[in-house]
Amino acid sequence: MSGTPDDDRLEELREQKMQELRDQAEGQQGGQNPEAAQEAAREQAEAKQEAMLKQYLTDGARQRLNAVEMSKPDFAESVKKQIVALAQSGRIQDRIDEDQMKDLLRELQPESKSFDIRRR
């Protein structure tokens, strides 16, 4: 982390929440409610993903990703997964700024199909 007291406190609160979700999921897995356990696991995964994105993206890059998410949620989700995978594999050394995010979005953008309509 960055080492500031606010970041340390935020990380501590995240860990507490994740532990609560784990405890809740373990308590629910006794056959009572598997849907709740799946929901808790999904929430935990989302919290971990958001923490990693905050760690590796600058404010400008996060804003750009949020703007993409508003128009193309599926594409934004795949970009988030890609960034998390890169971070976990150690391929990201510094934080990703807005220009690098633009390049990453261009690279990951699916090929657009163009149609050439000719009238006879």
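What counts as what
- Residues numbered from 1 in each chain as written.
- Predicted model: local features only at pLDDT ≥ 70, side-chain atom pairs only at ≥ 80, totals over all residues.
- Heavy atoms only, no water.
- Axes fitted to C-alpha atoms, helices over the stretch in contact; angles between N-to-C directions.
- Helix = DSSP H or I, 4+ residues; strand = E, 2+ residues; numbered from the N terminus.
- Left-handed = near helix turned anticlockwise from the far one by under 90°.
- Contact = heavy atoms within 4.5 Å.
- Nonpolar A, V, L, I, M, F, W, Y, C, P; charged D, E, K, R; others polar.
- Expected span 1.5 Å × (residues − 1).

## Quick notes on the packing of helix 3 (residues 59–71) against helix 5 (residues 98–108)
- Their axes nearest at 7 Å, the elements helix 3 and helix 5 cross at an angle of 35°. In this structure, helix 3 meets helix 5 at a crossing whose hand is right-handed. When helix 3 is examined against helix 5, the residues Gly60, Ala61, Arg64, Leu65 and Val68 are found in contact with a partner set consisting of Glu98, Met101, Lys102 and Leu105.
- The residue makeup of the contact of helix 3 with helix 5, split by class, is 5 nonpolar, 1 polar and 3 charged.

## Considerations on helix 3
- Across its 13 residues, helix 3 extends 19 Å between first and last C-alpha, which sits within 8% of the 18 Å expected from 1.5 Å per residue.
- For helix 3, the secondary structure elements touched by its buried residues are helix 4 (73–88) and helix 5.

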